[in-house]
Every structure is written in structure tokens, then in C-alpha cells.
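These are the residues of each chain, in order.
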Amino acid sequence: MGFWDAILGRSKPARPDLDQLFALPSAAVTLEAGAGFTPTGLGSVCFASVEGGAFDRLQADVRDLLDADTERGGVPVEFSRDEYGYTWLLARQPPDDLAALVSDLHAVNTLLQEAGFGPQLLCSLVGFRDPEGRPLALVYLYKRGTFYPFSPLPGRGEKRDNALELQVRGLLGDDLRVEEDLSRWFPVWGAPGMAG
């Protein structure tokens, strides 16, 4: 940070640190103990698609990497596009193997980043549910290097459970680098990985 940045109160944004994703399994233990939420086995990566052969080949490489275990009963990854034109990759693992899911999400992010498509990465999320069926996602913001909780209220349209999100922020403050700026807790309505 430069002299003028310090004087004017500007700070450099956090650099993406994909290894932060590996903190999710221990955060999941805290989340289950403190709020009763357990992993659904669903996770996704969102990125802005780019036209061209290089990006198409990269998507094929990602599919080949994550679908390598389909012959042993693994579920193939799914690609979809949302109403805003962003591409989502949905990965599945058994709910009790969050470490494998996190490894898949980390691999996708790393492949995209190393191929020069890091600027297209938006977020990754991992889905959770409590015994009452309430959904929750822990969302990793690639460009900020931080996490935030997102919890839509079931059957209430596009309304969030803000009290639960703040409770989860308090629970996970020692486990994850939680995004401090609440205006960056973007809703991810209908994101793949939220259902289940």
C-alpha cells in the first residue's frame, strides 16, 4: 500500500487464497455443533464464461478431472447457466465427505486460475441444511478471499434469514476469513448447490 492510499484510507483488496477453502471441513464441525447444520454434499463454482476454444477445452478438462470417479459410482459434474449468463459447475460428494467436495471445488478454481481465467471466477459455495430443512450456503468470494453465509427463507420468495446469517458469522469467525462488509454478502438465489 502506498503513502497516499494510507492517508486517504484506501486499502488493497485481499488477494484470492484458494487454500482458504480447506478450512471448510473444520468450520463445518463448528457449524454443526453451534447451529445444527450439516453438509448436503453439494458445492458449486460460479464463473463468467468466455467464448473461445481455450475456454471450451478448459471446461472439458475440468469435467474429465471431476468425472474420473464416475465408473466407481461417483456422480458426474453438471454445468448450467443462470439468468445473468454466468456458468455454474455443480459437484456432488457424499454428505459425510466434505473434504472430497472441497478438493473438487479447489481443483476447479485452481485450473481456471492457472489457465489465466482467474478474473472470470466469481464465487464457490458449499451447501448445508439443519434438521428442520433450512438451507444455508457458505460462499467464498474469489476476488475478496473471504466467506459469507447465505440463507434463503424456504417458501418466502427472495427473502433471506438475516438473523441466521449473522449467527453463523459469529460462530465461524475463528474458523473462516469472514467478509466484514455486509454489502458484499450477495444473494445467490437458486444457485446450484443450495438444494438437497
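So, here's what we can say about the structure. Predicted model, so just to flag it, every value in this text is computed and none were measured.

1. Quick look at helix 2 (residues 24-35)
The periodicity of an α-helix, 3.6 residues per turn, causes residues three or four places apart in sequence to face the same way. End to end, helix 2 covers 15 Å across 12 residues, agreeing with the expected 16 Å (1.5 Å per residue, within 8%). For helix 2, the full list of buried residues reads Leu 24, Ala 27, Ala 28, Leu 31 and Ala 35. When helix 2 is viewed along its axis, its buried side chains cluster within an angular range of 105° and face the same direction. In this structure, helix 2 carries Val 29 and Ala 33 as exposed residues pointing more than 90 degrees from its buried face. On its buried side, helix 2 packs onto strand 1 (38-48), helix 4 (98-117), strand 4 (121-129), strand 5 (135-141), strand 6 (146-150) and helix 5 (162-172).

2. Comments concerning the nonpolar core
Counting 50 residues, the largest nonpolar core has Leu 31, Phe 128 and Leu 176 as its most contacted members. If one sorts the elements of this core by residue count, helix 4 sits on top with seven residues. Setting aside residues up to four positions removed in sequence, Phe 128 forms contacts with Ala 28, Leu 31, Phe 37, Thr 38, Pro 39, Thr 40, Leu 98, Arg 134, Pro 135, Leu 136 and Leu 138.

What counts as what
Residues numbered from 1 in each chain as written. Predicted model: local features only at pLDDT ≥ 70, side-chain atom pairs only at ≥ 80, totals over all residues. Heavy atoms only, no water. Helix = DSSP H or I, 4+ residues; strand = E, 2+ residues; numbered from the N terminus. Expected span 1.5 Å × (residues − 1). Buried < 20%, exposed > 50% of the residue type's maximum accessible area, 1.4 Å probe, protein only. Arc of directions from axis to C-beta. Contact = heavy atoms within 4.5 Å. Core = buried A, V, L, I, M, F, W, Y, C linked by side-chain atoms within 4.5 Å.

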